[in-house]
Structure formats: structure tokens, C-alpha cells
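If you want the building blocks of each chain, they are given just below.
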Amino acid sequence: MAEELHDPISYELISACSDYISRRSQHRPKIGIICGSGLGGLADLAKNADVFPYSDIPGFPKSTVAGHVGRLLLGELNGTAVVIMQGRFHSYEGYPLWKCAMPVRVMRLLGVEHLLVTNAGGGLNAAFNVGDIMVLKDHINLPGFACNHPLRGPNDERFGPRFFPCNDLYNADYRYLARKVARELNLEGIVRQGVYTMVGGPNYETVAELKMLRELGVDAVGMSTIPETIVAHHCGMKVFACSLITNMCVVEYGTGIETNHEEVIEVGKKRADDMKDFISRMVATIANNECNGGLAQEAK
């Protein structure tokens, strides 16, 4: 007998999480932010914040990775109500991808309409430098090719449709605004644009794997983000994502260079102020409705 299909992430479970949070906070954010490795300091800018350790939220996953504090904050960023994930979840921690992306659906039921996602990534594009910020214009979902997908299983139409396009997943208006913000902050030579891919981890990639990815047109590689951005797009959010390039990928043998997590965290700390300013300004411009349809055409 075939195994009975079931939905591991029910609407009721997500509602229980969002209800727990909304009953304990007066903030009603329209903008959500997910902080990647070493980038959780952005949450320190939130004013009048209500803080929820992940362990206190019913049914919520627990973060186990260094550089991920593991708490949700609802507060004000430059006067704009936001919800900030200070630490995320990864497949290599043992979580299925639907659970890695579960907090995005919680945000949606809290009223979030715009999602900004950050991560620490390895640079594959030879024109990039450590410390650059790469705005995602597209991604290659490697796990999804093998049907390891955050939306695998029965679909709940209350979150979004069964089948949906992803050709404009990363909002063109927001990518245009990112270039504008970069100019305002004198980060023009730092903020780039490119294609991101997700690998499973926790090991860093082999030389052969990286060469293959570069041939596929990948500019940066990491171990997160895609499950969250897909689920956000699926449930109708506008999505912006960027990678802090914390190391350059090693694509030759015998270099003696070894990528390590401590290096990733250290670069995150060094670029922390620029990332805080960049994301804060993005939040302000989105909140002030500074983008329109004409900007999207210019951004393409």
C-alpha cells in the first residue's frame, strides 16, 4: 500500500506560532528580515523590540549554528515596524527544507508582505572580492532538482497555488533600489548583482563541484536562503535577498587555502556596519513606497 500523503506543516501549526507572537506584541510589521551567519547584529538596531527566543515559540525550530542567536524580534527600524529573524535554520542541522522555511509562513500570517533575506556566501565570480555584497537577481535551486523542496507534499491554497512561476522571484524594483541605496552610501564598488546557488553542507565544496557551478553561471554559493525565498514568493511576498561575500571559493588544487566558519563570521563582523546601513536604508525606501513600475523596467 502506498504511503499516505500528509502535510507536515499545517496551517494550524503556523497559526499557533503567529497567534502566540501577535498576542504578545503590539507591532504589526509588513516587512520581514532574515539575518544570515554573522549578520545578526542588524537586530540591535530595532527599537521598542519584543523579543521571542525560538525555544519559547510553540512548534518553532531551534537554531544550532554559531553566529545565529536564535530569536525573533518585532520592533521598529527607523520608525518602520519589522520582524527580524536573528538566526535561521539549515538542512545540515537535520531539518527538512519545509521546516527551514517555516518561519516565512509565520511571518506571512503576522502580516508581512515584503521579505529581505541576507546570507554569508562564497564568491565564485572572479570579479568579486571578500566583503562585497551580492544582490540576488536569480538562483539555481540544486536541491530542488532532486525534489528536495520546501513545498514538497500536499499544497494548502491558503498559502499559495500548487504551481507558480519563479522567473521574477527577486523583485526587480528592489534590485533597482539596491543600486540607488549603494550610491547613497558610497558602496557602489561593493554592491554587486549575481546568481546564487544553495548546496547542502555542512562541508564546503570540492574544487570539482565549484568548477561545475561556475560553468553553470553561479556567482556565489551558500547553504541557505533559497527555501525561504521560494516559500515567500509562493505566499505572495515581494522578495529581496543579498549575500555578503565572506570568502572566495577555492577552485584550484594545492593552494593551501582552507575555508572555515570562523573566517565567515569574522568577515561578517568587519562588514557589519555597512550591512546594517544597507538593509536599514532598503527597509526605509520600501516602506516609503519609492519604487514604481518604471523602475522595474530600468532595473532589468
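Keep in mind that what you see is a predicted model, and the values were worked out from it rather than measured. Starting from 1, residues in each chain are numbered consecutively following that chain's sequence as written. For a predicted model such as this one, the threshold for reporting local features is a pLDDT of at least 70, and the threshold for listing and counting side-chain atom pairs is 80 or more; totals across whole chains, interfaces and linings nevertheless cover every residue. Note: side-chain values were computed over all heavy atoms of the structure, leaving out hydrogens and water.

**Some words on the overall build of the chain**
Right, so step 1: On a plain count of helices and strands, the chain comes out with ten helices and nine strands.
Right, so step 2: Radius of gyration here uses only the C-alpha atoms, and the compact-globule reference equals 2.2 Å multiplied by the residue count raised to the power 0.38. Taken over C-alpha atoms, the radius of gyration comes to 18 Å for the chain, in line with the 19 Å a tight globule of 300 residues would show.
Right, so step 3: Projecting the C-alpha coordinates of the chain onto the three principal axes gives extents of approximately 55 × 55 × 40 Å.
Right, so step 4: For the chain, the residues scored as buried account for 54% of the 300 residues in total.
Right, so step 5: Should any heavy atoms of two residues lie within 4.5 Å, those residues are considered in contact. Here the contacts in the chain between residues at least 6 apart in sequence split such that 83% fall between residues at least 24 apart.
Right, so step 6: Note on areas: Shrake-Rupley with a 1.4 Å probe; residue coverage comes only from the protein chains shown. Summed over its atoms, the accessible surface of the chain is roughly 13200 Å², and 49% of this surface lies on carbon and sulfur atoms. What counts as a helix is a DSSP run of H or I of at least four residues, what counts as a strand is a run of E of at least two, and both are numbered from the N terminus. Working definition: with a 1.4 Å probe on protein chains only, accessible area under 20% of the residue-type maximum means buried, over 50% means exposed, and in between means partly exposed.

**What about the packing of aromatic side chains?**
Aromatic rings in a pair are described by how distant their centres are and how their planes are angled relative to each other.
Right, so step 1: Note on aromatic contacts: the rings of Phe and Tyr and the six-membered ring of Trp form a pair at centre separations within 6.5 Å, being stacked when their planes are under 30 degrees apart, edge-to-face when over 60 apart, and tilted otherwise. Here the structure, examined in full by the defined rule, presents seven aromatic pairs.
Right, so step 2: Residues Tyr11 and Phe159 carry aromatic rings whose centres are separated by 5.3 Å and whose planes lie at 45° to one another, so their mutual orientation is tilted. Taken as a pair, Tyr11 in helix α1 (residues 11-22) and Phe159 in the loop between α4 (142-145) and α5 (172-184) lie far apart in primary sequence, 148 residues in all.
Right, so step 3: Judged by relative accessible area, Phe159 falls into the buried class, the value being 5%.
Right, so step 4: Taking 5.9 Å as the distance between ring centres and 70° as the angle between the ring planes, the aromatic pair formed by Phe60 and Phe89 counts as edge-to-face. Taken as a pair, Phe60 in the loop between β2 (47-53) and β3 (71-77) and Phe89 in the loop between β4 (80-86) and α2 (97-100) lie far apart in primary sequence, 29 residues in all.
Right, so step 5: Given a relative accessible area of 2%, Phe60 falls into the buried group.
Right, so step 6: Members of the aromatic cluster, joined through ring pairs, are Tyr54, Phe60, Phe89 and Tyr95.

Without other data, these values stay purely geometric and don't point to any function.
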